[in-house]
Structure formats: C-alpha cells, structure tokens
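# Overview (structure and organization)
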Amino acid sequence: MSKAIFMPKEKDFRLAVIDRRLAGINEIYPIMSSKGGVGKTLISAVLALILRDRGYKVGLLDLDITNPSAHTALGVSIKELPEEEKGVKPLIADGIKFMSVAFYTQDKPLPLRGWEIDNVIRELLAITIWGDLDYLIIDTPPGLSDEALDAISYFRSPKPLVVATPSPLAINSVRRLLQLLNDLNGLKVLGIVENMANEPSKRVRELAEAFSIKYLGNVPLDPTIDEVIGDTSKLRNTLLYVALKGIAEKNLGPNP
Amino acid sequence: MHEWALAEAIVDYITKVSSGKKRFKRVTVKLGELQSIDEEILRFSINEILKADGIHVKELRFEKVPAIFRCRNCGYEWSLKDMEMDEEIKELIHFVPEAVHTYFKCPKCGSRDFEIVGGRGVYVVEVIPE
C-alpha cells in the first residue's frame, strides 16, 4: 500500500494560502485592547474612514467572531452576502473593503469554543480576496483569549494599535496585553491611543513609557457619539474623527 | 466561486508540503458534508490551478464524510439528515461551517453547546508523490 510521505505537523491546508491572500496589503493594524468597552470598534471603523478619506485603499476586517459589531459602526447592511469571484470579495462600504462573520450569522448569536473561533478566523482569511490595500484595519475582540491573539498571529508584520482609557481598570488590563506583545520578538507596536480622555492622562503616558511604546494621542469623550453610530457622514463630524485624524496624520504614513 | 479559493489553498498546500515537487501519484481530500462543497466545481478548480502551476496529479480523490454532531451538555449525537436546513442557511454554512451553531441546537436538550464531531469541511489527508 502506498504511503503518504508528506504529512506535516500542521495539517490545515488553509494556512498555506493565507500569506497569498494578504500579499497585496501594505500595512496591517490590529486595533487591540484586552479591556472591553474602551472603543476598539469605533476607533477601527473611524480610522478606516479617515485613511479612506485621505485617499488610501483601506480594508476593515472584524475578527470579533462571537460578537461582531464593526458593521453596526459603519452602517453596513449584512442582509446581502459579499460577492463570490474565485473566493469571497469583501463588501464595499463607503469605499472601504469590509469583511465580517456577521454576514454569515445575520447578527444572531454564534456561541463558539476557542478552537472553533480559530477555525472561523482561518476560513475567513483563506477565502477573502482583499486585493491591493494600503491599510487593513482589524477590529479585534477584547481579552487575551485565542481569538484576540490570533488577530496578530496569522499576519506578517502586523503593527498593533493599542487602545486604553484613563480608568485604572483599563490600565491594569492593557498592561497585561502589552506584556504579552512585548514578549513577541520583532513585533512593532504602533502605539497607544487613549480613548475617552479630554486630556492626556499621566497613567496612560506612563504605561506607554514603561513599555517604550509611543503615546499616539488622546481622543475626547464624545457624549453624542451613540447618536451617529452607523451614519458615516455624521461620524465624520465627531470629536472622535477629528482627534483620530490628527493622530493618523502625525503617525500613520505620509499623505498619498 | 468559493470553491476556487479553497482549491488555491489546496494547491498551495501541496506545493508547500512537498517542497515544490511537480508530480504526484495521488492527493486525497476529505469533503465534510456540512460545508456542502460542490465536488465538480472543486475538482475543476483544482485541476485548472494544477495545470497553470505545471503540477501533475495522477489521481485526485475525494472522500465524503458525513456530518455528525455531539451535544456537550447531554451527550446526544445526531447527523445532518436529522436537521431541516433551508437553502439560505445552507449557503451561509457553506462559507462558515461554524455558523451551524447560530442556526441549530441540540435536538434533545436544546443546547447550542455542541461539537461538530466529523464532516465539518475540506481537509487534505494524503499527498503522495510519484
């Protein structure tokens, strides 16, 4: 009987194609925070809008598999599935290429165990055809679980942007994330954005300094933000957009 | 054609694990029933990509695997034929098989905490060079 001689340790064929799928992407920014509720999703969506408005080709990937919400932030309808053409083409929303598991769960609950979440991430990365992008922004789940860490493990040279708030609860949590990121050899953290802060706080500045990471800037708390979520025109008039635009102009590459 | 994307992944995998060999006696791929892959489209796609990459596979074998589920709460086991699945949901699960947890529960106790024991999706089991 013939014997298969090539049975490598990693038997998942999907991993072989992920690099090819991401090959046309120049910069990958996972938006990370181990603490929930610090504004990762809005920062991801608005940063994608800002970069798009500056003329870049931008993608937004929601990797919060069990609780996706980037589509809500951008006002994307998930009723229509992304088109298929030799793979799945991300939906175009406001000029941004957008992909989320929400298209396939139709916003219903998707209760999954850790390895199942990993399976979904691999499937999405293997079938999504991004094409050429200047930036891929990834909205990641909170915590330090499989899916949060997978958000950086499948990508070549990802540059995480870490989100914190001035709350001591967030600081403690984000410190743990930074310790983990610090242990990954060669990983360049883009910096920390301090969200929901009218002024830069000493706590977050010191945290950035402790890990030799750039403090990128603060984003004021905008009490009206919930009223404009899902409306990209109105999102462009928020304090969040203005503050994040300043941060992006200073830190995220030259004008095209 | 979502199958084309999977076919590219399979051919990239064959190339990767064989360190670039060009001739193979057999490649065996398991097709899990849950993902309802169109076998003919997948075969066509793989053959087109193999041809373009100058790779020869004498026998491309597909093995169908029935989808089996086991409840983590009560231990009950069931198969796909026990589930009524309309075409729309079938299509959503075709792209992301784990979405089965969104649309189905354990038929015995109603828990969504169940495991896909077998037949989830595509799986390369054998790559035999000439």
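Above this text you will find the structure in question.
Residues numbered from 1 in each chain as written. Chains lettered and ligands numbered in written order. Predicted model: local features only at pLDDT ≥ 70, side-chain atom pairs only at ≥ 80, totals over all residues. Heavy atoms only, no water.

### Remarks on the pattern of salt bridges
- Inspection of the entire model under this criterion finds 30 salt bridges over all chains.
- Taking the shortest distance from any N to any O, the salt bridge between B:Arg120 and A:Glu123 comes out at 3.0 Å. A residue pair is termed interchain when its members come from two chains, as with B:Arg120 in the loop between strand E5 (114-118) and strand E6 (122-129) and A:Glu123 in helix H5 (residues 114-127).
- According to the relative accessible area criterion, B:Arg120 is buried, its value standing at 14%.
- When the shortest N-O distance is used, the salt bridge between B:Glu59 and B:Arg26 registers 3.9 Å. With B:Glu59 in strand E2 (residues 56-65) and B:Arg26 in strand E1 (residues 23-32), this residue pair connects regions lying 33 residues apart in the sequence.
- Relative accessible area serves as the criterion here: at 31%, B:Glu59 is assigned to the partly exposed category.
- The buried category is assigned to B:Arg26, whose relative accessible area is 12%. (Salt bridge = Lys/Arg side-chain N within 4 Å of Asp/Glu carboxyl O. Helix = DSSP H or I, 4+ residues; strand = E, 2+ residues; numbered from the N terminus. Buried < 20%, exposed > 50% of the residue type's maximum accessible area, 1.4 Å probe, protein only.)

### A closer look at the environment of A:Lys35
All names here are of chain A.
- By the secondary structure assignment, Lys 35 is in the loop between strand E1 (25-32) and helix H2 (40-53).
- It is 5.7 Å that separates the C-alpha atoms of Lys 35 and Ala 170, two residues lying 135 residues apart in sequence.
- Beyond its immediate chain neighbours, meaning those up to four positions away, Lys 35 contacts Lys 40, Pro 142, Leu 169, Ala 170 and Ser 173. (Contact = heavy atoms within 4.5 Å.)

### Examining helix H11 (residues 239-251) of chain A
All names here are of chain A.
- For H11, spanning 13 residues, the distance from its first C-alpha to its last is 18 Å, which sits close to the expected 18 Å at 1.5 Å a residue.
- Taken as a whole, H11 has its buried residues at Leu 240, Tyr 241, Ala 243, Leu 244, Ile 247, Ala 248 and Asn 251.
- Against H2, strand E7 (191-195), strand E8 (215-219), helix H9 (225-228) and helix H10 (232-235) lie the buried residues of H11.
- A positive phi of about 80° marks Gly 253, the residue just after H11. (Expected span 1.5 Å × (residues − 1).)

### Focus on the sheet that holds strand E4 (residues 77-79) of chain B
All names here are of chain B.
- A sheet is described by the order of its strands in space; here 3 strands give the open sequence E4-E3-E5, paired in antiparallel fashion. In this open sheet, the two strands that pair with only one neighbour each are E4 and E5. Taking each pair of neighbouring strands and ignoring which way they run, the sheet shows an average axis angle of 30°.
- Relative to E4, strand E3 (residues 68-71) runs antiparallel, the two being bridged by 3 bridges. In the sheet register, Ile 68 faces E4, and the bridge partner there is Ser 79. (Pairing = 2+ DSSP bridges. Axes fitted to C-alpha atoms, helices over the stretch in contact; angles between N-to-C directions.)

### A short note on the interface of chain A and chain B
- Contact residues are listed per partner, giving 41 residues for chain A and 41 residues for chain B.
- Carbon and sulfur atoms supply 61% of the area that chain A and chain B bury against each other, a total of about 3600 Å² over both sides.
- Secondary-structure elements contributing two or more residues to the side of chain A that touches chain B are helix H1 (15-22), helix H4 (102-105) and H5 of chain A.
- Tallied by class, residues from the side of chain A that touches chain B come to 22 nonpolar, 5 polar and 14 charged. (Buried area = accessible area lost by both parts, 1.4 Å probe. Nonpolar A, V, L, I, M, F, W, Y, C, P; charged D, E, K, R; others polar.)

### Topic: a negative patch on the surface
- Taken together, the side chains of A:Glu84, B:Asp86, B:Glu87, B:Glu88 and B:Glu91 present a region of like negative charge at the surface.
- Within the fold, B:Glu87 resides in helix H3 (residues 87-95). (Patch = residues over 30% accessible without salt bridge, like charges linked within 9 Å, V, L, I, M, F, W, Y side chains within 5 Å. Areas by Shrake-Rupley, 256 points an atom, 1.4 Å probe, with all protein chains shown as cover. Lys, Arg positive; Asp, Glu negative; His and termini not counted. Charge placed at Lys NZ, Arg CZ, Asp CG, Glu CD.)

### Section: the packing of H2(A) against H11(A)
Residue and element names in this part refer to chain A.
- The geometry of H2 relative to H11 is characterised by a closest axis approach of 10 Å and an angle of 65° between their N-to-C directions. When the axes of H2 and H11 are compared, the crossing they make is right-handed. Residues Leu 42, Ile 43, Val 46, Leu 47, Leu 49, Ile 50 and Asp 53 of H2 lie in contact with H11, whose contacting residues are Leu 240, Tyr 241, Leu 244, Lys 245 and Ala 248.
- A breakdown of the residues in the contact of H2 with H11 according to their chemical character gives 10 nonpolar, no polar and 2 charged. (Left-handed = near helix turned anticlockwise from the far one by under 90°.)

### Side note on the packing of aromatic side chains
Residue and element names in this part refer to chain B.
- Within this structure, the stated rule accounts for 9 aromatic pairs over all chains.
- When the ring of Phe 69 is compared with that of Phe 114, the centres are 5.9 Å apart and the planes differ by 85°; the resulting orientation is edge-to-face. Here Phe 69, found in strand E3, pairs with Phe 114, found in strand E5; they are 45 residues apart in sequence, far enough to count as distant.
- Take Phe 69: its relative accessible area is 0%, and that puts it in the buried class.
- Given a relative accessible area of 0%, Phe 114 falls into the buried group.
- Ring plane angle 65° and centroid distance 5.3 Å describe the contact between Trp 78 and Phe 114, whose orientation is recorded as edge-to-face. Of the two residues, Trp 78 is situated in strand E4 and Phe 114 in strand E5; the sequence distance between them amounts to 36 residues. (Phe/Tyr/Trp six-rings, centres within 6.5 Å; stacked < 30°, edge-to-face > 60°.)

### A look at the sheet that holds E6(B)
Residue and element names in this part refer to chain B.
- Strand order in the open sheet formed by 3 strands is E2-E1-E6, and the pairing between neighbours is mixed. Unpaired on one side and paired on the other, E2 and E6 mark the two borders of the sheet. Taking the axes of each pair of neighbouring strands and ignoring which way they run, one obtains an average angle of 15° across the sheet.
- With 9 bridges connecting them, E1 and E2 associate as parallel partners. Residue pairing across strands places Arg 23 opposite His 56, the latter belonging to E2.
- Running over the sheet, helix H1 (residues 2-17) touches E1 and E6 and is turned about 40° from E6.
- Relative to E2, helix H2 (residues 39-52) is tilted by about 155°, and along the sheet it contacts E1 and E2.

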